[in-house]
Amino acid sequence: MEEHYHPETIERDVQQFWRDNQSFKVSTDPEKEKYYCLAMFPYPSGKLHMGHVRNYTIADVISRFQRMQGKNVLQPMGWDAFGLPAENAAINNNTAPAPWTYSNIDYMKGQLNSLGFAYDWSRELATCQPDYYRWEQWFFTRLYEKGLVYKKMATVNWDPVDQTVLANEQVIDGRGWRSGELVERKEIPQWFIKITDYAEELLSDLDKLEQWPEQVRTMQRNWIGKSRGVEITFDLATPVAGIERFDVYTTRPDTLMGVTYMTLAAEHPICLALAESNPDLKAYIASCKKQAVNEATMATMAKTGMALGVDAIHPLSGEKVPVWVGNYVLMDYGSGAVMAVPAHDQRDWEFAQHYQLPVAQVVAPSGNESCDIKAEAFVIKGILVNSGKDFDGLGFDAAFDAIATRLAAAGKGRVTTNFRLRDWGVSRQRYWGAPIPMLYNQDGLEIPVPAHKLPVLLPEDVQMDGVQSPIKADLAWRKDELDGQAVERETDTFDTFMESSWYYARFTCPDYTDGMLDKTAADYWLPVDQYVGGIEHAILHLLYARFFHKLMRDEGLLSCDEPFTRLLCQGMVLKDGIKMSKSKGNTVDPQALIDQYGADTVRLFTMFAAPPEQSLEWSDEGVAGSHRFLRKLWKAVATHLEKAAVAGVPALDGNALQGPLRDLRRKTHETIAKVGNDYGQRQTFNTAIAAVMELLNEVNRLDNSAGQTLAVEREALEAAVLLLAPIVPHISHRLWQALGHQSAVIDAPWPAVDSAALLRDSIPMVVQVNGKVRAQLDVAVDMPQAEIEALALAEENVQRFIDGLSVRKVIVVAKKLVNIVAN
RNA sequence: GCCAGAGUGGCGAAAUGGUAGACGCAGUGGAUUCAAAAUCCACCGGUGGCAACACCGUGCCGGUUCGAGUCCGGCCUCUGGUACCA
């Protein structure tokens, strides 16, 4: 064995060994327990960043650990290759999205390999390849045939200068990122998938996902937002353009008698009709169009409104209620109308203050909550007041039922379950995505592309002009023929969340040509046992993937109900306390560190610096420290082997050990137990590494090679190498060889804990007086509690603190502490 | 705005209701060296004390408990998401 640690040659050779032996290629094997470990596949943006390194190292460590547990481990990798950045990069670099993307994939694949990740590359896929997206297109047409797909008008951000649709990301302070012009809202027809049909199941199945972080389940629950409420019909006092009434939905029908005005969306047909003869209203509606469509902007912007000059009739009191138009009501969602109860809704309260609208309190506190309607809305559920003799005095539930019943009897309302979740709009007006497989005949009638005409190929040899999608500009591409009839192709492409919603399933059979999935392979490997990715995907990606999974199940493509059994959401990588980003100029290039220290050092630091869910603060000094540790490990093994070559290693006799050797052997087995738990259950890789560091520190304290020393040392070093193998696979491979093993460390079984080695004669305990530590004890393992108490009370420093007090209680926590309560 | 997290030494962190700061980084002192690098040893939250030790200390305020960084209530700050970034 070489005296010094040279990562560059070791890593090159070990990676070659893995390639030569196809070490990570797997196939279905019904005899063996399978383990499918998946990291969220990357967008091929150019080169790896530290977030990728962290994500993929975590997944690789889990994969390698599970392999050492004897599982048949699948760890695939691929590319989320469609998306907006490729279009911008193509324009900036005077190329097209496809070649830019392919060259990025090529480079990043090399980087992933240089980090030593254990991928089965025979399953690699890129979502921009027709082999992949053709099945997505096929599936969409199946959903269409099942009535799960429909087209409707929806609002987008419109850049009036560039005449193009902008992503939310491209709207900065309400203006287009290139033109700088105020963006406008524009309604265009778009395709939707009925995720709301699955809302109930997506919600209830969250309860099954016991190995998901509770925070993610909570966020998804809130996002789906199931509520019970009442849909209420308000008649107009006088019809407008033939419209006689409109509906609103509320979860607070108990506040119905406190309604003092109504608000409609600017695009509401009533508003549009009235605007025909009202120039001021027309101008106001036009001003409402000049705002971005995202929710955060909507929620924080100044709420404005304008009286329409018409009244609605309150469904219970029969009184007239003025109708307003407001910029904060959206036509896309719900009915485009809301009832306003300023006394009991803070947003309505502020609006009413601003426009000096009446505020009518109809709920009073049921307990001692403060309530000052002049200062703020009272939003807590309470007891009804000022609501008429039939309702006054009722609590929330009783009032809900009484008012809902009265409305139903009058034909003015019905109890409904509502979901905050909206249907999934999948149309994008961009080029670099999977073409939506729909055709339009001469009459504009929509026809799904029949299976034999799939895939609808996206042309890759295109010129980007920065404004219009090349397939929208290409009149020839748009033309097609079906059964001898001229038809026109849909030129919108899919949301890229479509591709990332089923790639995990395609990895089980990436080359299958007879269908979207090979059911045998899918049913063997799925569900994914461990999914690893950023917390930023907690809602959208993970919800869409869960939805797609159920759609595929209902199509008979696979059998299980949920795609991901266990989920780990890793934190961000920070530098100087902030997220690494090009604009902040605080990025760290993983490649430079791999070149300088080797992949093992980068992997080790990434896993050591923080637990996976937490954000990780990058530290160049810390990386150097990790490298130092690997050198120490190398040296410890090298020194041991030198001594062993001279003295020979005796057979280990655990029963004969005494003193420091017995302590070290106990430490070895405690460490094996702790690290196994840290990897498998807790997933705290940082503490696992710390435990091995402690073990190595103990080994380095031994200073002779007499008797059993080398045997105990050998066992400790072999354990250290095995325990670290998932994290630093290259150096472990080489050290395992050096320690005389024929088979590779990737196939070594996880070391077993010898419970006899864990036994102790005595246990350290702490003595507290009133919860403060006052002394330490070393007690025999079998000492009776009464004796321990006596020993504790006899301690000099304990006596000092209970002097003059009477002991009220003595609490003994076995093997930990004694607390003496005295006053 | 709304939903979900996080906050502990100079820094990254550990402590699964039971000794706050394991492990590492930085730093200080020493050994080794012609010298340096590397390596090894020791110290390393604050205040007081020669020391033994004591007091204070986990964002802020309050509560539960024999005992709270950990559980509960209320704040503050930061982070992620907010449906067309991925």
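Scroll up to find the structure.
This write-up is about the structure you can find in this document. (Residues numbered from 1 in each chain as written. Chains lettered and ligands numbered in written order. Predicted model: local features only at pLDDT ≥ 70, side-chain atom pairs only at ≥ 80, totals over all residues. Heavy atoms only, no water.)

**Considerations on the protein's contact with RNA strand B**
Surrounding RNA strand B, one finds 72 residues, the nearest of these being Glu295, Arg428, Arg430, Ala609 and Asn819. Considering RNA strand B, the proportion of its atoms within 4 Å of the protein that are sugar or phosphate atoms stands at 64%. At 2.6 Å from a sugar or linking oxygen of RNA strand B is found a main-chain nitrogen or oxygen belonging to Asn168. Of the residues assigned to the surface near RNA strand B, the class counts are 27 nonpolar, 24 polar and 21 charged. (Near = heavy atom within 4 Å. Polar contact = N/O pair within 3.5 Å; in protein donor to acceptor, adjacent residues only side chain to side chain. Nonpolar A, V, L, I, M, F, W, Y, C, P; charged D, E, K, R; others polar.)

**Looking at helix α9 (residues 279–288)**
Turning to α9, its buried residues number three or more, namely Leu281, Tyr284, Ile285 and Cys288. Looking straight down α9, one finds that the buried residues subtend no more than 100° of arc, so they occupy a single side. Turning to α9, the residues buried within the fold contact β7 (184–193), α8 (269–275), β11 (305–313) and β12 (320–326). The backbone nitrogen of Asp280 lies 3.1 Å from a side-chain oxygen of the residue at the head of α9, namely Asn278. (Buried < 20%, exposed > 50% of the residue type's maximum accessible area, 1.4 Å probe, protein only. Helix = DSSP H or I, 4+ residues; strand = E, 2+ residues; numbered from the N terminus. Arc of directions from axis to C-beta. Contact = heavy atoms within 4.5 Å.)

**Considering the nonpolar core**
Generally speaking, a soluble globular protein has its nonpolar side chains buried in company with each other. Phe140, Ile193, Tyr504, Met516, Met552 and Trp618 are the most contacted members of the largest nonpolar core, which has 181 residues in total. Those residues in contact with Met516 that sit more than four places away from it in its chain are Trp135, Trp138, Phe139, Trp502, Arg506, Phe548, Met552 and Leu557. Listed in part, the 42 residues of the second largest apolar core include Leu274, Leu281, Met339 and Ala404. (Core = buried A, V, L, I, M, F, W, Y, C linked by side-chain atoms within 4.5 Å.)

**Here's the deal with unusual backbone geometry**
Cis peptide bonds are those with omega within 30 degrees of zero, and the linkage from Leu454 to Pro455 qualifies with 0°. Following the sequence through the fold, Pro455 ends up in the loop between β20 (446–448) and α13 (470–473). Cis geometry marks the peptide bond from Leu526 to Pro527, where omega comes out at 0°. Along the chain, Pro527 falls in the loop between α16 (519–525) and β24 (528–534). For Asn94, which is not glycine, the phi torsion reads 55° and is therefore positive. Mapped onto the fold, Asn94 is located in the loop between α3 (84–92) and α4 (97–114). We classify Asn94 as exposed; its relative accessible area is 65%.

**What about the side chain of His314?**
Its place among the elements puts His314 in the loop between β11 and β12. Side-chain polar atoms of His314 contact the backbone oxygen of Leu256, separated by 2.8 Å. From its side chain, His314 meets the backbone nitrogen of Leu316 in a polar contact 3.1 Å long. Sequence-distant contacts of His314, that is, excluding residues within four places in its chain, are made with Phe234, Leu256, Met257, Val259, Glu319 and Val321.

**Points about the sheet that holds strand β25 (residues 564–570)**
Within a sheet, neighbouring strands are paired by backbone hydrogen bonds and run either parallel or antiparallel to one another. Strand order across the open sheet formed by four strands is β2-β1-β24-β25, with parallel pairing between neighbours. With partners counted over all chains shown, the strands left at the sheet margins are β2 (72–74) and β25, one partner each. Across the sheet, the mean angle from the axis of one strand to that of its neighbour is 20°, orientation sign disregarded. In this structure, strand β1 (residues 34–39) lies alongside β2, joined through three bridges in parallel fashion. Each residue of the ladder has a partner; that of Lys34, found in β2, is Asn72. (Pairing = 2+ DSSP bridges. Axes fitted to C-alpha atoms, helices over the stretch in contact; angles between N-to-C directions.)

**Observations regarding the sheet that holds β20**
The strand order across the open sheet built from four strands is β20-β19-β22-β21, with neighbouring strands paired in antiparallel fashion. Two strands in the sheet have a free side with no partner beyond their single neighbour: β20 and β21 (479–482). Going across the sheet, the axis of each strand differs from the next one's by a mean of 45°, ignoring polarity. Two strands pair when backbone bridges link them, and β21 and strand β22 (residues 485–489) are joined in this way by four bridges, in the antiparallel orientation. Looking at the pairing, Glu481 lines up with Ala486 of β22.

**Notes on the pattern of salt bridges**
Following the criterion strictly, the structure yields 54 salt bridges and no others. The partner of Asp663 in a salt bridge is Arg666, and the shortest N-O contact between them spans 3.1 Å. A residue pair is termed a helical-turn pair when its members lie 3 or 4 positions apart in one helix, as Asp663 and Arg666 do in helix α21 (residues 659–682) at three residues. We classify Asp663 as partly exposed; its relative accessible area is 40%. Arg666 gets classed as buried once you look at its relative accessible area, which sits at 11%. (Salt bridge = Lys/Arg side-chain N within 4 Å of Asp/Glu carboxyl O.)

**Re the packing of helix α20 (residues 620–647) against helix α22 (residues 685–701)**
At a closest axis distance of 11 Å, the pairing of α20 and α22 adopts a crossing angle of 45°. Taken together, the axes of α20 and α22 lie oblique to each other. Once α20 is placed against α22, the crossing between them reads as left-handed. Taken together, the residues of α22 that come into contact with α20 (itself represented by Phe629, Lys632, Leu633 and Ala636) are Val692, Met693, Leu696, Asn697 and Asn700. Classifying every residue of the contact of α20 with α22 by side-chain character gives six nonpolar, two polar and one charged. (Parallel < 35°, antiparallel > 145°, perpendicular 65-115°, else oblique. Left-handed = near helix turned anticlockwise from the far one by under 90°.)

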